[in-house]
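Chain residues, written in single-letter form:
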Amino acid sequence: MSSEVPPLMQPDAGRTGLQWRPATTADLDNWAELIARTAAVEHPAWFEKRADLVHVLESTKNDPRTNTLLGLDRDGVARAYGRITKNPEGDKATGMGCVDPGWQRRGIGSAVLAWQEAQTRRRFHTDKAAGHSSAPPRLRIRTEEQHQHQEALFRSRGYDVVRWFNEMHRPLSGPAAKPAPAARLESGLELCTFDASLHEAVRLAHNDAFRDHWGSEPRDEETWRFTIEEPTARHDWSAVVIDASTGEVAGYQLASYDPASAVARGFKEGYTELLGVRRAFRGRGIAQALLADALRRFTAAGMDIASLDVDSANPTGALALYLGMGYSPVNRSMTWEKTL
C-alpha cells in the first residue's frame, strides 16, 4: 500500500445544490438548528445539541477540519452534515449526520455517506502508517428502526445490521408507576453521590467494566471530560459504589436530563447514560442497588419516566436485569456496518 494519504474529496456542489466545507465555531448555531429541524420531523429518541457540537469541534483526536462536513444552500443555511470519529488504535470509525427534511430524496444523503466512507479510508490509512492499527477500514452508523428511509440508503450501499439496541422505560408517575424495588448493598460496599473527586476513578472503572462490551473502546481523559461535562449530565442523580476496605470503585450510574427532549417527547425523563460494574464485583447486587437508587432520585426530582438504552446481546445479562427492575422496551435501534 502506498504511504501517501488519499486526498480528501467533497461532495459535488453541482449535483447536490449545496456548497460543502468543514464545520467551524461560527457554524454552531446554524449546524444545531439543522439537526433540531430534522429531529422535529423525524422524532429520534436523542439528537445532538449545540453543546455536543462544541465538543466535536474541540476534539484533538478527530480534527474537525477533516472529519466534519457541512452542506450550505445559497443563503448559507445548513441543509446537511456528516462527520466521523475514530480512535487512533480503534478498529472502526463511527459516522453521524443528517439531511434537512426539505432537502431529502435528492441524493444528498448518499453524497454524505460516500464522503464518510472516503474519510474513514483516509483515517485508517493514516493510522496504519503511524503504526496504530492494521485493522481493515470499517464504518458503523446507528439508526432507529422507525427511520426506514435511512435503512433503504444503507442497504443500497452494502451495509448490514450487526447489532440491535433497546430503549427501555420504567414509569415513575401515573397509575403504572411502582415504588423503586428494595436493593441493598452488602456490608463493606458504600454508595455515594458522584462528584468531581471521583471523576478519574470512575473513568478507570468504566474502562474496566466495559472491556467485554461489544463495540466499546477505552475512554481517555479527553473523551471522559466530554462525557462528564455533557450539558445534560446530572451528577446529583448519579452514584458510585465504593469498596470501603480498599477505596476502589466497584460500580457507577451516570444520569442525565434533557429539558428540550421533555418538551419534544411530552414527558420528563431521567436517563441512565452509563451503568457499569467492574468484573471483580459482579454478582453482588451492585447494579440493582445503583438502579434502585437512580429510580428514587428520578422520582424525587419529578421525572415521569426512567429510561436507558441496552445492547440486546449484552454479555453481562443487562437486558434481563432491566426487565427485572421493571423496565420495558419501547423502541429499537440498530448499528449498521460496512467493511470498506
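One can find the structure itself at the top, above this paragraph.
If you're wondering where the values come from, they're calculated on a predicted model, not measured in any experiment. (Residues numbered from 1 in each chain as written. Predicted model: local features only at pLDDT ≥ 70, side-chain atom pairs only at ≥ 80, totals over all residues. Heavy atoms only, no water.)

In this section: helix H5 (residues 108-129). Here H5 spans 32 Å end to end across 22 residues, near enough to the 32 Å set by a 1.5 Å rise per residue. Remark: Gly131 follows H5 within two positions and exhibits a positive phi of approximately 80°. (Helix = DSSP H or I, 4+ residues; strand = E, 2+ residues; numbered from the N terminus. Expected span 1.5 Å × (residues − 1).)

For the rest of this paragraph, the subject is the packing of helix H2 (residues 28-42) against helix H3 (residues 50-58). Between H2 and H3, whose axes approach to 9 Å, the crossing angle comes to 125°. Here H2 lies oblique to H3, going by the angle between them. Crossing hand, H2 versus H3: right-handed. Counting all contacts with H2, which are made through Leu28, Asp29, Trp31, Ala32 and Ile35, the residues of H3 involved are Arg50, Leu53, Val54, Val56 and Leu57. Taken together, the residues of the contact of H2 with H3 sort by class into 8 nonpolar, no polar and 2 charged. (Axes fitted to C-alpha atoms, helices over the stretch in contact; angles between N-to-C directions. Parallel < 35°, antiparallel > 145°, perpendicular 65-115°, else oblique. Left-handed = near helix turned anticlockwise from the far one by under 90°. Contact = heavy atoms within 4.5 Å. Nonpolar A, V, L, I, M, F, W, Y, C, P; charged D, E, K, R; others polar.)

Per the counting criterion, the structure on display carries 34 salt bridges. Between Arg225 and Glu58 there is a salt bridge, with the nearest N and O atoms lying 3.9 Å from each other. In this pair, Arg225 sits in helix H8 (residues 221-228) while Glu58 sits in helix H3, placing the two residues 167 residues apart along the sequence. The exposure class of Arg225 is partly exposed, given its relative accessible area of 30%. (Salt bridge = Lys/Arg side-chain N within 4 Å of Asp/Glu carboxyl O. Buried < 20%, exposed > 50% of the residue type's maximum accessible area, 1.4 Å probe, protein only.)

This part is about the packing of aromatic side chains. Pairs of aromatic rings are described using the distance from one ring centre to the other and the angle between the two planes. Applying the stated rule across the entire model yields 7 aromatic pairs. With centroids separated by 5.9 Å and ring planes inclined at 50°, the aromatic side chains of Trp237 and Tyr257 adopt a geometry described as tilted. Of this pair, Trp237 sits in strand E8 (residues 233-243) while Tyr257 sits in the loop between strand E9 (249-256) and helix H9 (259-265); the two residues are 20 residues apart in sequence, bridging distant segments of the chain. In terms of burial, Trp237 and Tyr257 fall into one category: buried. Lying over the aromatic face of Phe165, Arg142 brings its terminal NZ or CZ to 3.9 Å of the ring centre. Looking at Arg332, its charged tip hangs above the ring of Trp164, at a distance of 3.9 Å from the centre. (Phe/Tyr/Trp six-rings, centres within 6.5 Å; stacked < 30°, edge-to-face > 60°. Lys NZ or Arg CZ within 6 Å of the ring centre and 35° of its normal.)

Residue position: His169 is located in strand E6 (residues 160-171). Judged by its relative accessible area of 11%, His169 is buried. In terms of polar contacts, His169 uses its side chain to reach the side chain of Glu167, at 2.9 Å. Once you skip the residues sitting within four places of it in the chain, His169 turns out to touch Arg265, Phe267, Glu269, Ile305, Ala306, Ser307, Gly326, Tyr327, Ser328 and Val330. (Polar contact = N/O pair within 3.5 Å; in protein donor to acceptor, adjacent residues only side chain to side chain.)

The next subject is the packing of helix H7 (residues 199-209) against H8. At their nearest, the axes of H7 and H8 sit 11 Å apart, and the two run at 110° to each other. On the basis of the axis angle, H7 is roughly perpendicular to H8. When H7 is examined against H8, the residues His199, Glu200, Val202, Arg203 and His206 are found in contact with a partner set consisting of Glu221, Trp224 and Ile228. Across the contact of H7 with H8, the residue classes break down as 3 nonpolar, 2 polar and 3 charged.

Membership of the largest hydrophobic core comes to 32 residues, with the highest contact counts inside it found for Leu275, Ile286, Leu291, Phe298, Leu321, Tyr322 and Tyr327. Counting residues per element, this core draws most heavily on helix H10 (residues 286-300), which supplies 9 residues. Excluding anything up to four places from it in sequence, Leu275 contacts Phe210, Tyr252, Gln253, Ala287, Leu290, Leu291, Leu321 and Tyr322. Residues Trp31, Ala32, Ala39 and Phe47 belong to the second largest nonpolar core, which totals 16 residues. (Core = buried A, V, L, I, M, F, W, Y, C linked by side-chain atoms within 4.5 Å.)

A word on the pairing of strand E3 (residues 78-85). Looking along a regular strand, one sees the side chains alternate between the two faces of the sheet. Across the 8 residues of E3, 7 count as buried, placing the element largely inside the fold. Relative to E3, strand E2 (residues 68-72) is paired through 5 bridges, and the arrangement is antiparallel. By the bridge assignment for E3, Leu70 is matched with Tyr81. Judged from the 6 bridges that link them, E3 and strand E4 (residues 93-99) form a sheet pairing that is antiparallel. Bridge pairing in E4 links Ile84 to Gly95. (Pairing = 2+ DSSP bridges.)

Read these as layout, nothing more, since geometry by itself doesn't imply function.
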